[in-house]
Amino acid sequence: MSTPNGRLSINQATIKYAPLADALRVTADAGITSIGLWRDSVQAASLPEAGRLLADSGLRFSSLCRGGFFTVPEGRARRAAMDDNRRAIEEAAHLAASGAPGSVAVLVMVAGGIPQGSRDLAGARAMVQDALAELVPDAEAAGVTLALEPLHPMYASDRAVISTLKQALDLSAPFSPAAVGVVVDTFHVWWDPELFPQIERAGAEGRIASYQVCDWTTPLAADVLLSRHYPGDGVIDFAAITRAVQAAGYAGDIEVELFNQDIWDTPPAEAVARTVEGYEAHVAAHLGHLSGDLRR
């Protein structure tokens, strides 16, 4: 990871329809050296086979998406969610051990929305804290970092009651940075007026476990989950955010994660090539330039 462009990782969601073997091949053929994987694809291949394919590809492993979704009251559903998260921890550890040198055992955690029939947002966030406390011993034993990802507030009801980097850091505070970190995803946090001081805080605490990039433009898609765009196609200030994340000490891979039906319908090799263009022009161009005001 010695050059800015060498830090690019293709998050598998960007080429969603490519089976695991094809996703690894397309990524490696493009000269990219890292990939972030999704659990459904790994499970479709089986964990041992996914590890073998990853090892054979020569790619680094940058993250596994996703764990979480545990904002449900105590009972059978919550126990099932916790058991599934323990399996995700095992998967992340296995894949990190299978990837090329520089791989990291990072499990991205999406908290979950407000429980069905509830209006108790604070109570749902307390469920996240309790779940972390239960899962941290498993994560520590496996050498896995649980990376809390704050999602844009429009997803608070159904996907993530954690909406800001500050909330994610506050929830992480009781635990060691090796066990619980945070994800800085430009799509979700670009709007936050406290973003830059919270990135600085995350760096000081050693908690930036992943940096994910994609762009925001309006109008949003009818399914707002599918509204992510190639870097440079929208309004996000990648220069300011990228410089801040690097100044905070993050030196790991940078994932491009795109949920967008038009991109998914694009041939995977073409989508990866377009991703490289956007990343090089709007993200990599701002790595390594730390003098002056980091916000401009």
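What you see is a predicted model, and the numbers here were worked out from it, not measured in a lab.

S.K.: Before we go on, may I ask you to explain the overall build of the protein in this structure?
M.R.: Across its full length, the protein carries 11 helices and 10 strands. Taken over the C-alpha trace, the protein has a radius of gyration of 18 Å; the compact-globule value for 296 residues is 19 Å, and the two agree within 12%. Along the first, second and third principal axes, the C-alpha set of the protein runs to 45 × 45 × 40 Å. Counting all 296 residues of the protein, 55% fall into the buried class. Summarising the internal contacts of the protein: among those between residues at least 6 apart in sequence, 81% fall at separations of at least 24. Total accessible area on the protein stands at roughly 11,800 Å², and carbon and sulfur atoms take up 54% of it. Averaged over its 23 positive side-chain charges, the protein has a centre that lies 4 Å from the centre of its 36 negative ones.

S.K.: Explanation requested: the pattern of salt bridges in the structure shown.
M.R.: Note that side chains of opposite charge can pair when their charged atoms are close. Inspection of every chain in the model, using the stated rule, returns 21 salt bridges. For the salt bridge of Asp84 with Arg39, the shortest nitrogen-to-oxygen distance reads 2.9 Å. With Asp84 in helix H4 (residues 76-98) and Arg39 in helix H2 (residues 39-45), the pair connects residues that are 45 residues apart, well separated along the chain. Classification of Asp84 by relative accessible area gives partly exposed; the value is 28%. By relative accessible area, Arg39 is classed as buried at 8%.

S.K.: What am I meant to see in the state of the cysteines here?
M.R.: Such a bond, covalent and formed between the sulfur atoms of two cysteines, is termed a disulfide. Using the criterion set out here, one finds 0 disulfides in the structure. The cysteine Cys65 is free of any disulfide, with Cys214 supplying the nearest cysteine sulfur at 12 Å. Exposure remark for Cys65: the relative accessible area of 1% places this residue in the buried category. Among the residues examined, Cys214 registers a relative accessible area of 0% and is labelled buried.

S.K.: Just to check I follow, could you spell out the environment of Arg201 for this structure?
M.R.: Within the secondary structure, Arg201 sits in helix H8 (residues 195-204). A sequence separation of 32 residues divides Arg201 from Leu169, and the C-alpha atoms of the two residues are 8.4 Å apart. Those residues in contact with Arg201 that sit more than four places away from it in its chain are Lys166, Leu169 and Asp170.

S.K.: Honestly, the pairing of strand S2 (residues 34-38) in this entry has me stumped. Any pointers?
M.R.: Regular strands place side chains that alternate from one sheet face to the opposite one. Across the 5 residues of S2, 5 count as buried, placing the element largely inside the fold. With burial as the criterion, each face of S2 is covered, one bearing Ser34, Gly36 and Trp38 and the other bearing Ile35 and Leu37. Judged from the 3 bridges that link them, strand S1 (residues 8-11) and S2 form a sheet pairing that is parallel. Along S2, the bridge assignment pairs Asn11 with Gly36.

S.K.: In this structure, what is going on with empty space enclosed by the protein? I would like to understand it.
M.R.: Any space left empty among the atoms is revealed by the rolling of a water-sized probe across them. What the rule picks out here adds up to 1 cavity of 30 Å³ or more. Considering only enclosed or pocket space, the largest cavity measures out at about 40 Å³ in volume. In terms of lining, the largest cavity is formed by Thr14, Ile15, Tyr17, Ala18, Ile263, Trp264, Thr266, Pro268 and Ala271. Among the secondary structure elements, those contributing two or more residues to the lining of the largest cavity are helix H10 (261-264) and helix H11 (268-282).

S.K.: Hey, could you run me through the nonpolar core in this one?
M.R.: If you look at soluble globular proteins, the nonpolar side chains tend to sit buried side by side. With 84 residues, the main nonpolar core has Leu107, Leu146 and Ile199 as its most contacted residues. Beyond its immediate chain neighbours, meaning those up to four positions away, Leu107 contacts Leu64, Arg66, Gly67, Asn85, Ala88, Ile89, Ala92, Val144, Thr145, Leu146 and Ala147. By size, the runner-up hydrophobic cluster in this structure holds 11 residues, among which are Trp38, Val106, Val183 and Ala209.

Reading the values: rules and limits
- Residues numbered from 1 in each chain as written.
- Predicted model: local features only at pLDDT ≥ 70, side-chain atom pairs only at ≥ 80, totals over all residues.
- Heavy atoms only, no water.
- Helix = DSSP H or I, 4+ residues; strand = E, 2+ residues; numbered from the N terminus.
- Rg over C-alpha atoms; globule rule 2.2 N^0.38 Å.
- Buried < 20%, exposed > 50% of the residue type's maximum accessible area, 1.4 Å probe, protein only.
- Contact = heavy atoms within 4.5 Å.
- Areas by Shrake-Rupley, 256 points an atom, 1.4 Å probe, with all protein chains shown as cover.
- Lys, Arg positive; Asp, Glu negative; His and termini not counted.
- Charge placed at Lys NZ, Arg CZ, Asp CG, Glu CD.
- Salt bridge = Lys/Arg side-chain N within 4 Å of Asp/Glu carboxyl O.
- Disulfide = S-S within 2.5 Å.
- Pairing = 2+ DSSP bridges.
- 1 Å grid on protein atoms, 1.4 Å probe; cavity = no way out; pocket = protein on both sides within 12 Å on 5 of 7 lines; lining within 4 Å.
- Points joined across faces, edges and corners; volume = space filled by probe spheres on them.
- Core = buried A, V, L, I, M, F, W, Y, C linked by side-chain atoms within 4.5 Å.

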